[in-house]
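# Structural characterization, general
Here are the chains, one letter per residue:
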Amino acid sequence: MQINKINKILHKNYTLAQGFYQLKLPLNIDCIIPDNDSVRLLSQFIEEMDISDLFQTYFRVRKNTATPRQMLKIMIYAYMNKLYSSRDIETACHRDINFMFLLEDSPAPDHATIARFRTLHFAPISKRLMSEVSNYLYKLGEVSGESIFIDGTKIEANANKYTFVWKKAVTKNLLKMLDKIAEHVAACEEQYDIKIAYQNKVSLHQIKKLRKKLYQIKKDENITFVYGIGRRKSPLQKDIEKLEEYILRLKGYTKKLYNCGKRNSYSKTDPDATFMRMKEDAMLNGQLKPAYNLQHGVDSEYITWLTIGPQPTDTTTLIPFLKDMEEHLAYKYKNITADSGYESEENYLFIEKNQQLSFIKPSNYEISKTRKYRTDISRRENMKYDTNQDIYICKNQKHLEVTGTKKSKSKTGYVSEKTCYSCKDCKDCPYKTSCIKGNNSKIPMEERSKHLEVSKVFQQKRNEDLERILSDEGCQLRMNRSIQAEGSFADTKEDMSFRRYLCRGTANVLAESTLLAIAYNINKLHHKIQAGKTGQHLFELKTA
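Another point: the nonpolar core. Judged by nonpolar contacts, the single largest core of 87 residues is most densely connected at Phe45, Leu72, Ile76, Ile150 and Leu322. Ranked by the residues each element gives to this core, the list is headed by helix H18 (residues 506-531), at eleven residues. Residues within four places of Ile76 in sequence aside, it is in contact with Leu42, Ile46, Leu515, Ile518 and Ala519. In terms of nonpolar packing, the next biggest core, distinct from the first, is built from 24 residues, Leu210, Phe225, Leu236 and Cys260 among them.

Examined against the element boundaries, Ile97 turns out to sit in helix H6 (residues 97-103). You can call Ile97 partly exposed: its relative accessible area is 25%. Residues Ile97 and Lys456, 359 residues apart in the sequence, show an inter-C-alpha distance of 64 Å. Once residues lying within four places of it in the same chain are set aside, the contact partners of Ile97 are Ile29, Ile32 and Ile33.

Our focus in this paragraph is the sheet that holds strand S9 (residues 384-386). By way of backbone hydrogen bonds, the strands of a sheet pair with one another, either parallel or antiparallel. The five strands lie next to each other as S9-S10-S11-S12-S13, forming an open sheet whose pairing is antiparallel. The open sheet has two edge strands with one neighbour each: S9 and strand S13 (451-454). The average undirected angle you get between the axes of adjacent strands in this sheet is 35 degrees. Inspection of the sheet shows S9 paired to strand S10 (residues 391-393) by three bridges, in the antiparallel sense. Note that in S10 the partner of Asp386 across the bridge is Ile391.

On to the packing of helix H4 (residues 68-80) against helix H7 (residues 111-122). Contact geometry for H4 and H7: axes closest at 11 Å, N-to-C directions at 105 degrees. By the criterion of interaxial angle, the relationship of H4 to H7 is roughly perpendicular. Contacts from Pro68, Met71, Leu72, Met75 and Tyr79 of H4 reach H7 at Thr113, Ile114, Phe117, Arg118 and Phe122. Looking at the contact of H4 with H7 residue by residue, the class counts come to eight nonpolar, one polar and one charged.

Analysis parameters
- Residues numbered from 1 in each chain as written.
- Predicted model: local features only at pLDDT ≥ 70, side-chain atom pairs only at ≥ 80, totals over all residues.
- Heavy atoms only, no water.
- Core = buried A, V, L, I, M, F, W, Y, C linked by side-chain atoms within 4.5 Å.
- Buried < 20%, exposed > 50% of the residue type's maximum accessible area, 1.4 Å probe, protein only.
- Helix = DSSP H or I, 4+ residues; strand = E, 2+ residues; numbered from the N terminus.
- Contact = heavy atoms within 4.5 Å.
- Pairing = 2+ DSSP bridges.
- Axes fitted to C-alpha atoms, helices over the stretch in contact; angles between N-to-C directions.
- Parallel < 35°, antiparallel > 145°, perpendicular 65-115°, else oblique.
- Nonpolar A, V, L, I, M, F, W, Y, C, P; charged D, E, K, R; others polar.

Below, the structure is given as structure tokens:
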């Protein structure tokens, strides 16, 4: 009997050994999960949402498998508990009782099903589900819908940091190769008496046309191409092979420039990722890494909207963010609060035209408080301005008069107009070296005069914005921006340990970010309910 028992323990089927003792398990797993567990809140939250768009991504839903609603629940709950890998989520579905509660007696999906759900089903409708979550929070009264706090961060892409393609290098190599192609085409025209190039300009179409004519010469003269060691190639074969090489290289350079688009670089592993300077610099050498620029819009500590972009700076991300948000959300924000990285004339005018108020900290706000800034006589802000005559008066009481206007075009296509001011007589000025900065000019200091370029529209909008942010409301909004917007990135990157994307491509990266944002919102709602802080939108300013 004892030998029989030992043999059954060593059997591959471990349930055979259960005959020697009584296994006790609860019949209902619902009683094991605490009443105030976040998994219950998540399940109820998703049940209240309209996810018909998610069902439309399926051709048919198989029986005896997890439904799309159940898949959405386990994906969000996995992100709430810092599980991002599809294999880790699969393991949790087999072992974790909370995941079994969400599956409702459905079989646990495998890792391939989980990965397909994230990329094929959730990614196409990620924006609509994000808007559904934000709109539902607005109906609950958890989101104010009045003020939004915007900030951005860079998250590393799932790409090799050494697979870079630089637009400047590709353009430079392309121009060099075009010169070689022009020389080769000219030599072929002379040798074979063919006229292809027009006005010494060569295109890919002309190169292919030349190759076709060279192959015709080969056919007419019955020339046989040879390959291998010890065989001498004919001049015609060498010319055709060189043309083939140039065509392949030209196509490669063209494809790389197309992938770059308006960007300066991209990664071969993930062509949608752009190389950016990251704060996480392990080598301490300012190394660029492939990354995405993630923008968060936070209201009442909830992420109500987000976007993904290839821009390494935040300035050009604001307008696309506001347009995208207004298109999807059922409500419109009145106050737009952001840091100095978003300040530009184009952004000011867009917010004003959109009937919203900007609370953007000017880029010179902090430095303008220093003594060095206030005593710098070369700065326009420290000069007197006569509005009637439209002149600036320097420290030496000389007048800087209008000499003309200058228009400049930004990367986004916005055209701004600057007024140019110049002093007619700076000769023998005792403050000249302090007033005129810059030592790289070829003109001697004695012959130089003071010049200013001022965008009147930008200065007007900046002054109006500065007046708003210095008010009591502005101070409160700026304080809440630093707590809420930057706090959302602190929670997601540090507390939730999300520092690198697992998927590739803008659509899949946006899906990952959306899952993370929804998980963050459910966690935040859970903590607010348990702490009795629901319905609170802004932190109050502390008075001394």
